[in-house]
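# Structure assessment
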Amino acid sequence: MYNFDVETPTSIADAVKALGREEAQPLGGGQTLIPTLKQRLASPSVLVSLTGIAEMKGVCMTDDGQLAIGGATPHAVVAREAARHYPGLADLASHIGDPAVRNRGTIGGSLANNDPSACYPAAALGSGATIITDKREIAADDYFQGMFATALDEGEIVTEVRFPVPEVSHYQKFVQPASRFALVGVFVARFGDGVRVAVTGASNDGVFRWTEAETALSSNFAADAVNGLALSGADMISDLHGSGDYRAHLVGVMTKRAVAAAR
Amino acid sequence: MTQVKMTVNGKAASGDVEGRTLLSSFLREQLNLTGTHVGCDTSQCGACVVHVNGEAVKACTMLAAEAQGAEVTTIEAMANADGSLSVIQQAFQDHHGLQCGFCTPGMVMSAAALLKENPKPTEREVRVYLEGNICRCTGYHNIVKAIMAASGQDVSRIAAE
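Note that this is a predicted model, so its numbers are computed, not measured.

### Here's the deal with the interface of chain B and chain A
At the interface, 21 residues of chain B touch 27 residues of chain A. Across the chain B to chain A interface the summed buried area is about 2000 Å²; carbon plus sulfur atoms make up 56%. For the pair chain B and chain A, the number of links is four salt bridges. For the salt bridge of Glu131(B) with Arg180(A), the shortest nitrogen-to-oxygen distance reads 3.4 Å. Linking chain B to chain A there are nine residue pairs in polar contact (both at pLDDT 80 or more). Among the elements that make up the side of chain B that touches chain A, the one with the highest residue count is strand E4 (residues 55-58) of chain B (four residues). The class makeup of the residues in the side of chain B that touches chain A is nine nonpolar, five polar and seven charged.

Put into structure tokens, the structure is as follows:
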């Protein structure tokens, strides 16, 4: 690792100030960023740690019935504390990485990184969540802009994420056996006004909504409703773990399993 | 350099660290607590698992500066006060839950974290919990058996020979 300074602010205001330093970068739980720094794939001169900011931590229901999660909340806390309010989301959080990673990795860090195989982007897009930053509110539909790309500006931090809570939901992931990341993951959520289906791990463009499946499932919320629907493998990630066609096929299979398991 | 202060194994510890100093490096190189092993340095193997404020974390994937003020527990504090092996450690010995022993500190720390939150795990729960701890010797069967035994459950019918 190249050396850098570490700032450990205790308020969002101080974090924003620290991020004003030259080549400063926010540090969430560090479960992706620290390995990246070890590989010398990033070389910030200042890391601003967000995990000591109490106002960015915790899980609660808002007055209008949405589930609010602080950006610096670790996956393990979401798995525990969201279970009562939004079981599909809590279940997703309880299967990210491994237990030690879940104790450090944060929802804000995951969404800011937008790894094409990360789990949380599927939940945020599949729920129609709102990403709240130190500057503004961004709808999930506008937030994800391709592999590792988001609507965030340089130094902008995810302070909170608000999830509308669906009637039923489930996340089904097919893990890549070595890394345990999602080879393909599908988040299905049924709301009163329709169904949302978000797919991670599969596309070269990162997380996306499978709109044909949404239409089919909105009129008939059953696994069979997606029979006959197919995605093209041409736009899918193709690597030694699976071809584009294989991933496209898995999207259908995972969608069916998610619908069947939705609670 | 900045000074970090934390409590390690119940005692006050401090030292001057660079921004990039990992918690694992601080423990091993500055406090000479070399029981915490660094197996992969890519956050995958779990040999470096320690407890920070009671929770299992990978010490190679946390900066020492982030542990400012924290309570850190390492494998060095797992034995009983009289120096005898703890229940989990003894179970690893009794059930041959180690061969080369390199992964064992992380296995014991993960096992302790698991049993704290789930005192009577099923075999499957143990295996799932150990997803982030890699052992290249044992094939895991005897590690799982040791953890089940440490939880006070009958292990006579568990896993392979």
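### Notes on the layout of surface pockets
Estimates place the volume of the second largest pocket at around 900 Å³. What lines the second largest pocket is a set of 29 residues, among which Ser94(A), His95(A), Pro99(A), Arg102(A) and Val128(B) lie closest to the centre. Going through the elements one at a time, helix H3 (75-81), helix H5 (99-104) and strand E9 (168-175) of chain A together with E4, helix H3 (104-117) and helix H4 (123-129) of chain B are the ones with two or more residues in the lining of the second largest pocket. The dominant element in the lining of the second largest pocket, judged by the number of residues it contributes, is E9(A), at five residues. Per-class residue counts for the lining of the second largest pocket are 10 nonpolar, eight polar and 11 charged.

### What about the environment of Glu76(B)?
All names here are of chain B. Within the element layout of this structure, Glu76 appears in the loop between strand E5 (71-73) and helix H2 (87-94). Between the C-alpha atoms of Glu76 and Ala150, which are 74 residues apart in sequence, the distance is 19 Å. Beyond its immediate stretch of four places on either side in the chain, Glu76 contacts Asn9, Leu33, Thr34, Gly35 and Thr36. A distance of 2.7 Å separates the side chain of Glu76 from the backbone nitrogen of Gly35, its partner in a polar contact.

### Thoughts on the pairing of strand E2 (residues 24-27) of chain A
With four bridges joining them, E2(A) and strand E3 (residues 46-49) of chain A adopt parallel strand pairing. If you follow Pro26(A) over to E3(A), its bridge partner there is Val48(A).

### Here we look at the sheet that holds E9(A)
Residues and elements named next belong to chain A. Within the open sheet, the four strands sit side by side as E9-E10-E11-E12. Their pairing is antiparallel. If you trace the sheet from one side to the other, it starts and ends with E9 and strand E12 (208-209), each paired once. Pairing of E9 with strand E10 (residues 182-191), which is carried by eight bridges, proceeds in the antiparallel orientation. Its bridge partner lying in E10, His170 is registered against Val188. Running at roughly 150° to strand E11 (residues 194-200), helix H9 (residues 211-219) makes contact with E11 and E12 of the sheet.

### With respect to the side chain of Ser49(A)
Tracing the backbone shows Ser49(A) in strand E3. Only 3.2 Å separates the side chain of Ser49(A) from the side chain of Thr51(A), close enough to count as a polar contact. Not counting residues up to four positions away in its chain, the partners in contact with Ser49(A) are Glu7(A), Thr8(A), Pro9(A), Leu27(A) and Glu66(B).

### Focus on the nonpolar core
Residues Leu111(A), Tyr120(A) and Phe163(A) are the most contacted members of the largest nonpolar core, which totals 39 residues. Breaking this core down by element, the ones donating at least two residues are strand E5 (66-70), H3, helix H4 (87-93), helix H6 (107-113), helix H7 (120-127), helix H8 (140-143), strand E8 (158-164) and E10 of chain A. Those residues in contact with Leu111(A), other than ones at most four positions away along the chain, are Tyr120(A), Pro121(A), Ala124(A), Ile131(A), Tyr143(A), Phe144(A), Thr150(A) and Val161(A). Among the nonpolar cores identified, the runner-up in size contains 32 residues, and Met1(A), Val17(B), Leu23(B) and Met62(B) belong to it.

### Some remarks on the pattern of salt bridges
Evaluated as defined, the whole model comprises 17 salt bridges over all chains. Arg127(B) is the partner of Glu123(B) in a salt bridge, and the nearest nitrogen-oxygen pair spans 3.2 Å. With Glu123(B) and Arg127(B) both in helix H4, this residue pair falls four residues apart, about one helical turn. Taking relative accessible area as the criterion, Glu123(B) reaches 27% and is therefore assigned partly exposed. One network of salt bridges, in which partners are shared, links Lys135(A), Arg136(A), Asp153(A) and Glu156(A).

Conventions and cut-offs
The written sequence of each chain sets the order in which its residues are numbered from 1. The order in which chains are written sets their letters, starting at A; the order in which ligands are written sets their numbers, starting at 1. Residues qualify for local features only when their pLDDT is at least 70, as the model is predicted, and side-chain atom pairs are given and counted only at 80 or more; totals for whole chains, interfaces and linings, by contrast, use all residues. The side-chain numbers reported here are obtained from all heavy atoms of the structure, hydrogens and water having been left aside. By definition in these notes, contact holds between two residues if any of their heavy atoms fall within 4.5 Å. Defined here as a combined quantity, buried area equals the accessible surface (1.4 Å probe) lost by two parts on assembly, summed across both. Any carboxyl oxygen of Asp or Glu that lies within 4 Å of a side-chain nitrogen of Lys or Arg is treated as forming a salt bridge with it. Nitrogen and oxygen atoms within 3.5 Å of one another constitute a polar contact, given that in protein one can donate a hydrogen and the other can accept it, and given that sequence-neighbouring residues count only through two side-chain atoms. Only DSSP runs of H or I reaching four residues or more are called helices, and only runs of E reaching two or more are called strands; each is numbered from the N terminus. Residue polarity is assigned by list, with Asp, Glu, Lys and Arg as charged and Ala, Val, Leu, Ile, Met, Phe, Trp, Tyr, Cys and Pro as nonpolar; anything else, Gly included, falls into the polar class. Here a cavity denotes a set of grid points, spaced 1 Å apart and computed over the protein atoms alone, in which a 1.4 Å probe fits but from which it cannot get out, and a pocket denotes an open set meeting protein on both sides within 12 Å along at least five of seven lines; residues with an atom within 4 Å of a point are reported as lining. Grid points are joined across faces, edges and corners, and a volume is the space filled by probe spheres set on the points. The pairing criterion is simple: DSSP has to find at least two bridges between the two strands. Only C-alpha atoms enter the line fits that serve as axes; for helices the fit covers just the stretch in contact. Angles between N-to-C directions range over 0 to 180 degrees. As used in this record, nonpolar core signifies buried Ala, Val, Leu, Ile, Met, Phe, Trp, Tyr and Cys residues forming a set joined through side-chain atoms within 4.5 Å. Exposure is judged per residue with a 1.4 Å probe applied to protein chains only, and the accessible area is read against the type maximum: over 50% gives exposed, under 20% gives buried, and values in between give partly exposed.

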